[in-house]
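Summary of the model geometry
In case you want the letters, here they are:
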Amino acid sequence: EKLAEAHATLGITRLICEWNWALAETEFRRAMELDPNDPHVLNLHSPFLLSLGRLDESLAEAKKIQELEAGSPIGHNVSVLSLFATHKYDEAIRSCQLVLEMVPDNVRFHEFYIFGCVLHRRYDEAVAFCERMSRLPGGAARSRALLGYCYASSGRTEDARSILSEFPDRKD
């Protein structure tokens, strides 16, 4: 009853497993009352706020995680999503760069960086980053799919179709 992390975990469980937003909010509220500075609590609560469209609150909590966990990429994940949602692409890209300085082989932040570049219409940079990502463990296939996305977004439809043809038809 008095563990903030337990209430936050229950909150995310209520949300994801039960789709019960009201109970999720109750659990998150209790978790924040118990410990508003717990990075685990903030890391679960911030995306919940983002899903509610409470972008400024979500971003504030993500930045708080970054302050509490300096040198860790944890808070940057939600921060980047919040920045995308508020069309602050330059800030999102800078956040990705900070994480990639800490953890250069983080495929997820390569993806975020590529999305940021595409959203900001920096297509050549996004394509170059796809090449960089292709050399990472677990990044090859994902980078090809993102390369197709970059080409399609930039109007290079034939190049995008060529990439798409590399992927087998899926029936699942």
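The structure under discussion appears in the preceding block.
Here's a quick rundown of the structure. (Residues numbered from 1 in each chain as written. Predicted model: local features only at pLDDT ≥ 70, side-chain atom pairs only at ≥ 80, totals over all residues. Heavy atoms only, no water.)

1. Concerning the environment of Pro-168
Along the polypeptide, Pro-168 turns up in the segment after helix 10 (157-164). According to the relative accessible area criterion, Pro-168 is exposed, its value standing at 62%. Along the chain, Pro-168 and Leu-50 lie 118 residues apart, while their C-alpha atoms are 35 Å from each other. (Helix = DSSP H or I, 4+ residues; strand = E, 2+ residues; numbered from the N terminus. Buried < 20%, exposed > 50% of the residue type's maximum accessible area, 1.4 Å probe, protein only.)

2. Notes on the packing of aromatic side chains
A complete count under the given rule lists eight aromatic pairs for this structure. Members of the aromatic cluster, connected to one another through ring pairs, are Trp-19, Trp-21, Phe-28 and Phe-48. (Phe/Tyr/Trp six-rings, centres within 6.5 Å; stacked < 30°, edge-to-face > 60°.)

3. Looking at a nonpolar patch on the surface
A contiguous nonpolar surface patch, about 340 Å² in accessible area, is contributed by Trp-19, Trp-21 and Leu-52. Counting through the fold element by element, Trp-19 comes out in the loop between helix 1 (4-16) and helix 2 (21-34). (Patch = residues over 30% accessible without salt bridge, like charges linked within 9 Å, V, L, I, M, F, W, Y side chains within 5 Å. Areas by Shrake-Rupley, 256 points an atom, 1.4 Å probe, with all protein chains shown as cover. Salt bridge = Lys/Arg side-chain N within 4 Å of Asp/Glu carboxyl O.)

4. Notes on the packing of helix 7 (residues 107-119) against helix 8 (residues 123-134)
Two elements in contact, helix 7 and helix 8, have axes whose closest approach is 8 Å; the angle formed by their N-to-C orientations is 165°. Relative to helix 8, helix 7 is oriented roughly antiparallel. In this structure, helix 7 crosses over helix 8, and the sense of that crossing is left-handed. Each of Val-107, His-110, Glu-111, Tyr-113, Ile-114, Cys-117 and Val-118 in helix 7 lies in contact with helix 8, whose residues at this interface are Tyr-123, Glu-125, Ala-126, Phe-129, Cys-130, Arg-132 and Met-133. Classifying every residue of the contact of helix 7 with helix 8 by side-chain character gives 10 nonpolar, one polar and three charged. (Axes fitted to C-alpha atoms, helices over the stretch in contact; angles between N-to-C directions. Parallel < 35°, antiparallel > 145°, perpendicular 65-115°, else oblique. Left-handed = near helix turned anticlockwise from the far one by under 90°. Contact = heavy atoms within 4.5 Å. Nonpolar A, V, L, I, M, F, W, Y, C, P; charged D, E, K, R; others polar.)

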